[in-house]
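Tertiary structure, described
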Amino acid sequence: MLNGTTSILGTTLAGVAQHAPESSHGLVEAAGHGAQAVSVGAAWIGWIVLLPVIGCVMAGLAAALKINSKLPAWITVGCLGGAFAVTLTMFLGFDSIAGGDAFVVHIYDWINVSWIGAGGEPQALVANIGFYVDKLTILWMLFVTGLGTLIALYASEYMAHDVGAGYCRFFAAFNLFVVSMSCLVMADNLILLYLGWEGVGLCSYLLIGYFYKKPSAVAAAKKAFIVNRIGDLGLSLGIYLTFVHFGTVQYSELFASDALQGYLAAAGSGDFAAIPATAQWIALLMMVGAFGKSAQLPLYVWLPDAMEGPTPVSALIHAATMVTAGVFLIARVYPLFLASEYALPTVAWVGTLTALLAATIGMAQFDIKRIMAYSTVSQLGYMFAGLGMLTTTGAAFHVLTHAFFKALLFLCCGAVMHGFAGQLDLRKLSGVAWMKGWGIVGVAMLVGCMNLSGLPYITSGFYSKDMILAEAFVTPGYAAIGWILVFTAGLTAYYTFRVFFRVFVGPRYFEPGDEHHADEHSDLGEHGHTEGDGHAALAHGHDAHDHAHGGFHPHPPGWVINLVLAVLALCSIGAIGLAYIETDHHGWVGSMIGESSAAYHSPYAEAAHHAHVEGVEAHAVSGPAGSGTPSGLFGMDAHTAMIYISGGVAILGVLLAAFFHGPVGIQGLLLGGRREAATCRMDRVARLFGPIPRWAENKWYVDEFYHAVLVTPLRVIAHLCHLFDKFVIDGIVDGAGKLPRALASLVRPSQSGQLQGYAAGMVGGIAVLLFVAAIIVLIGGGS
């Protein structure tokens with residue numbers, strides 16, 4: 001499968017000069033953006049990183065001073081808001097700083113080691129603290145700092161139950177997380193990127209395991225850290241190999257190197273045999289790191305368990321920061337991936353299969369946060385598929401829209417969890433949107449679900465996902481990926497609105513979660529309220545139609561949470577406009593990507609796009625060896641066809657969710673609907689599939705498989721090594737130590753410290769000497 005796809009890739013790259021419009025970037029041009037990077041003195045850009053550092057230090061000081069207020073939260077919001085303002089200034093002034101070209105901001109020298117190589121030539125490893133700024137950097141930092149600010153504001157209310165040392169610890173780690181992600185994105189070399197890469201891994205461990213007295217949270221934190229270390233090994237080896245082969249880890253030198261330019265030219269002609277295996281392995285190794293950090297097969301298992309952390313952590317990890325790191329890595333070093341025969345096809349297929357697998361699992365889950373977690377894994381699969389199919393613009397656009405609506409969805413789920421004592425089971429909640437004080441949450445959830453489902457024209461998720469789906473059909477050889485992703489889009493719409501119809505509409509009903517205890521300590525869960533918790537005063541919104549249990553009344557979110565949800569809902573809708581800005585460059589995001597190291601557009605996509613814009617029928621573009629593979633679909637250009645196909649599939653998924661899970665008011669014409677929270681029409685249908693729904697609910701037993709094949713054997717090997725060390729190695733070492741002790745024990749009685757003993761010894765010694773002398777005399781006399 002990959003061999004056929006890689007031949008398609010070579011032909012696709014070879015078509016740049018022949019088929020792409022003059023305005024598009026070819027392979028050599030794409031790498032040339034690095035060559036244009038100049039060093040400038042805009043040191044003020046460093047405040048983007050410095051402000052969160054200050055926030056982290058201030059939160060630590062607040063803990064040391066035992067401050068029991070929301071001061072750490074407001075410091076964090078102020079610092080991250082300042083970082084966003086600096087990023088916005090950098091964006092608005094980009095053209096004036098270095099004439100619109102990429103530039104490097106040097107902060108200070110860090111690593112500078114020189115030596116004489118084996119051939120007598122001087123060599124050096126240079127990795128400074130500096131920032132490489134192009135429009136890819138700006139695009140990422142805009143939503144990292146912007147969403148980070150909003151999530152911090154949300155967390156100021158959400159974490160109010162833990163004001164004190166825990167509150168300070170949370171926001172210190174929160175700031176450090178943003179610092180690490182900023183270093184990762186803005187680094188001007190692979191070493192600094194790796195520092196940020198490890199930083200977000202460390203901070204995810206700290207934040208996921210925030211409730212350190214909760215065993216499941218501790219286990220999830222360790223799982224995330226260990227699984228990511230597997231991917232990190234691949235990235236580190238890729239960085240080592242980059243330096244060994246190219247002699248540099250700095251982007252500006254790497255992208256402009258004659259060797260890489262030559263490899264890109266060879267890839268453009270389809271001659272991958274001319275590219276050394278070492279150079280091709282670099283992308284494959286970095287790909288492993290990207291799969292780990294962005295939760296792709298087979299390293300995706302850590303991300304759903306990350307739900308054990310506080311919900312703002314889920315939004316921070318799954319929307320704005322950590323999970324996008326793998327996508328960013330590939331986009332940043334995209335020229336290296338273009339120079340590898342198997343890297344991009346592997347990325348495309350792994351992303352596609354991950355999207356499908358995660359969607360099937362999400363359909364069978366009942367925990368609404370875990371459903372959103374699996375949807376994150378699935379949507380990341382779309383992004384990787386886009387990168388693998390040469391639509392870096394589509395992948396980046398989906399990263400941006402997904403950041404808005406997935407943060408919105410997680411924060412809505414968090415508001416429900418916050419108000420219903422940790423309840424997340426969709427079988428125990430219903431009609432939440434109709435309860436007093438929950439209207440904004442209901443509307444925001446609807447907006448998020450519509451965007452995740454990709455409903456046509458009215459959601460930004462539709463436009464970003466459409467770019468990826470259409471690319472599969474305009475690039476020869478990827479149609480199978482396209483159909484898999486279309487099918488997955490239908491599953492996504494179904495399980496997304498399954499949550500909405502079950503939890504937010506229908507008969508009003510709720511059961512409090514396990515955290516419904518009068519004086520529960522905050523370390524044992526997300527929402528154990530203390531006497532000083534201001535939310536206790538908001539325990540209202542219960543009417544005659546609500547079924548409460550044990551006198552429990554849910555409390556709706558306060559104005560801060562509602563404000564953040566409203567802003568994110570507006571951003572999710574407003575992102576539609578980005579598709580209509582700079583339409584000649586595939587929208588605003590395309591104009592940003594087009595001036596970065598990820599600047600590559602498939603010639604087939606260009607041809608189909610221009611045919612669509614001009615309103616003419618998309619012409620056929622020859623595939624490999626004159627295959628005559630068309631760039632259109634059903635007689636239309638792929639982008640037009642996708643409007644009907646993906647849009648229709650999304651609507652069908654929503655209708656199926658309404659039919660199987662919707663209340664009577666929505667599907668009254670469909671022979672009745674759901675009348676209680678715990679049961680629905682799908683329960684009867686699921687029985688027809690035998691054990692399959694149970695397998696999907698148990699995540700296809702992937703964790704159990706890993707445990708049996710990897711964890712258990714490794715533990716057995718570890719115990720065997722322990723026994724070998726204890727009884728063999730320690731036996732030898734201890735035996736060597738016991739021998740002198742045994743010899744010493746033989747002569748120890750002679751050193752008793754008693755004078756009479758020493759006198760007796762002296763007499764005995766003299767007697768022995770006299771006896772020996774007598775023997776010698778007798779022997780001598782006899783001879």
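Small disclaimer: the values here were computed from a predicted structure and weren't measured.

Here is what the cut-offs are and how they apply
- Residues numbered from 1 in each chain as written.
- Predicted model: local features only at pLDDT ≥ 70, side-chain atom pairs only at ≥ 80, totals over all residues.
- Heavy atoms only, no water.
- Helix = DSSP H or I, 4+ residues; strand = E, 2+ residues; numbered from the N terminus.
- Buried < 20%, exposed > 50% of the residue type's maximum accessible area, 1.4 Å probe, protein only.
- Contact = heavy atoms within 4.5 Å.
- Areas by Shrake-Rupley, 256 points an atom, 1.4 Å probe, with all protein chains shown as cover.
- pLDDT = per-residue confidence, 0-100.
- Salt bridge = Lys/Arg side-chain N within 4 Å of Asp/Glu carboxyl O.
- Axes fitted to C-alpha atoms, helices over the stretch in contact; angles between N-to-C directions.
- Parallel < 35°, antiparallel > 145°, perpendicular 65-115°, else oblique.
- Nonpolar A, V, L, I, M, F, W, Y, C, P; charged D, E, K, R; others polar.
- Expected span 1.5 Å × (residues − 1).
- Polar contact = N/O pair within 3.5 Å; in protein donor to acceptor, adjacent residues only side chain to side chain.
- Patch = residues over 30% accessible without salt bridge, like charges linked within 9 Å, V, L, I, M, F, W, Y side chains within 5 Å.
- Bend = angle between axes of the 7 residues up to and from the residue.
- Pairing = 2+ DSSP bridges.
- Phe/Tyr/Trp six-rings, centres within 6.5 Å; stacked < 30°, edge-to-face > 60°.
- Lys NZ or Arg CZ within 6 Å of the ring centre and 35° of its normal.
- Left-handed = near helix turned anticlockwise from the far one by under 90°.

Points about the overall build of the protein chain
Secondary structure assignment for the protein chain yields 32 helices and seven strands. Each of the 783 residues in the protein chain was classed as buried or not, and the buried ones make up 57%. Relative to all contacts within the protein chain whose residues are 6 or more apart in sequence, the contacts with residues 24 or more apart total 79%. Only carbon and sulfur atoms are counted for the fraction: they give 68% of the accessible area of the protein chain, which is about 30,500 Å².

Thoughts on the environment of Leu652
Considering the arrangement of structural elements, one finds Leu652 in helix H27 (residues 638-661). Here Leu652 falls in the partly exposed class, since its relative accessible area comes to 49%.

With respect to the confidence of the model for the protein chain
Across the protein chain, the average pLDDT comes to 83, with 84% of residues at or above 70. Contacts of residues 601-630 to residues separated by more than four positions or lying in other chains number 61 contacts, the stretch itself having pLDDT below 50. In this model, residues 667-672 is a region of pLDDT below 50 whose contacts with residues beyond four sequence positions or in other chains number 13 contacts.

What to know about the pattern of salt bridges
The final tally for this structure, using the stated rule, is 12 salt bridges. With a shortest N-O distance of 2.0 Å, Glu198 and Arg229 are connected by a salt bridge. Here Arg229 lies in helix H10 (residues 215-246) and Glu198 lies in helix H9 (residues 190-208), a separation of 31 residues in the sequence. Given the relative accessible area of 21%, Glu198 is considered partly exposed.

Some words on the packing of helix H7 (residues 135-158) against helix H16 (residues 325-332)
As a packed pair, H7 and H16 sit with axes 11 Å apart at the nearest point and diverge in direction by 170 degrees. Taken together, the axes of H7 and H16 lie roughly antiparallel to each other. Contacts between H7 and H16 pair Leu136, Thr137 and Trp140 from the former with Val327, Phe328, Ala331 and Arg332 from the latter. Of the residues that constitute the contact of H7 with H16, the class distribution is five nonpolar, one polar and one charged.

Observations regarding H9
An ideal rise of 1.5 Å per residue puts 27 Å on 19 residues; H9 measures up with 27 Å between its terminal C-alpha atoms. Three or more residues of H9 are buried, namely Leu190, Leu192, Leu193, Gly196, Trp197, Gly199, Val200, Gly201, Cys203, Ser204, Leu207 and Ile208. Backbone nitrogen of Ile191 and a side-chain oxygen of the N-cap are separated by 3.0 Å at the start of H9; the cap is Asn189.

Topic: a nonpolar patch on the surface
Residues Trp44, Trp47, Leu50, Val53, Ile54, Val57, Met58, Leu61 and Leu65 make up a contiguous nonpolar surface patch of roughly 780 Å² in combined accessible area. The residue Ile54 is located in helix H4 (residues 47-64) in this model.

Re H10
Look at H10: 46 Å from first C-alpha to last across 32 residues, which is about the 46 Å you get at 1.5 Å a residue. Most pronounced at Ile230, the bend in H10 amounts to some 30 degrees. Phi turns positive one or two residues past the end of H10, at Gly247, with a value near 75 degrees.

Some points on the pairing of strand E3 (residues 122-133)
Relative to E3, strand E2 (residues 103-116) runs antiparallel, the two being bridged by 11 bridges. The residue bridging Asn112 from the neighbouring strand is Val126, located in E3. Connecting the antiparallel pair E2 and E3 is a turn made up of five residues, with Gly120 showing a positive phi of about 85 degrees.

Here's the deal with the packing of aromatic side chains
A complete count under the given rule lists 31 aromatic pairs for this structure. Summarising the aromatic geometry, the rings of Tyr251 and Phe255 are spaced 5.8 Å apart at their centres and angled 5 degrees between planes, so their arrangement reads as stacked. Residue Tyr251 and its partner Phe255 are located together in helix H11 (residues 251-256), separated by four residues, close to a single helical turn. According to the relative accessible area criterion, Tyr251 is buried, its value standing at 0%. Among the residues examined, Phe255 registers a relative accessible area of 0% and is labelled buried. Ring centres of Phe497 and Phe501 lie 5.6 Å apart, and the angle between their planes is 45 degrees; this geometry places the pair in the tilted category. On the criterion of helical spacing, the pair formed by Phe497 and Phe501 is a turn pair, its members being four residues apart in helix H23 (residues 479-503). Accessibility classification places Phe497 together with Phe501 in one group, the buried group. A connected cluster of aromatic rings, assembled from ring pairs, spans Tyr167, Phe170, Phe171, Phe174, Tyr210 and Phe211. Taking the ring centre of Tyr251 as reference, the NZ or CZ of Arg332 above it sits at 5.5 Å. Between the NZ or CZ atom of Arg427 and the centre of the ring of Phe366, over which it lies, the distance is 3.8 Å.

Considerations on the packing of helix H13 (residues 277-293) against helix H18 (residues 343-364)
Where H13 contacts H18, the axes come no closer than 9 Å and their chain directions differ by 20 degrees. Overall, the two elements H13 and H18 adopt an arrangement that is roughly parallel. Handedness of the crossing formed by H13 with H18: right-handed. Within the contact between the two elements, H13 uses Ala283, Leu284, Met287 and Phe291 and H18 uses Ala343, Thr346, Val347 and Val350. A class-by-class count of the residues in the contact of H13 with H18 yields seven nonpolar, one polar and no charged.

Observations regarding the environment of Trp74
Take Trp74: it is sitting in helix H5 (residues 71-92). With relative accessibility at 41%, the residue Trp74 sits in the partly exposed group. Ignoring anything within four residues of it in the chain, the contact list for Trp74 reads Leu153 and Ser156.

Describing unusual backbone geometry
In terms of backbone geometry, most residues other than glycine have negative phi values and most peptide bonds are trans. Omega for the bond connecting Leu297 with Pro298 falls within 30 degrees of zero, at -5 degrees, which places this linkage in the cis form. In this structure, Tyr701 is a non-glycine residue whose phi angle is positive, near 60 degrees. Relative to the elements of secondary structure, Tyr701 occurs in the loop between helix H30 (692-697) and helix H31 (702-747).

So, the side chain of Arg332
Turning to its location among the elements, Arg332 is positioned in helix H16. We classify Arg332 as buried; its relative accessible area is 0%. Filtering out sequence-adjacent residues up to four positions away, Arg332 remains in contact with Tyr132, Asp134, Leu136, Thr137, Val185, Tyr251, Phe255 and Ser597.

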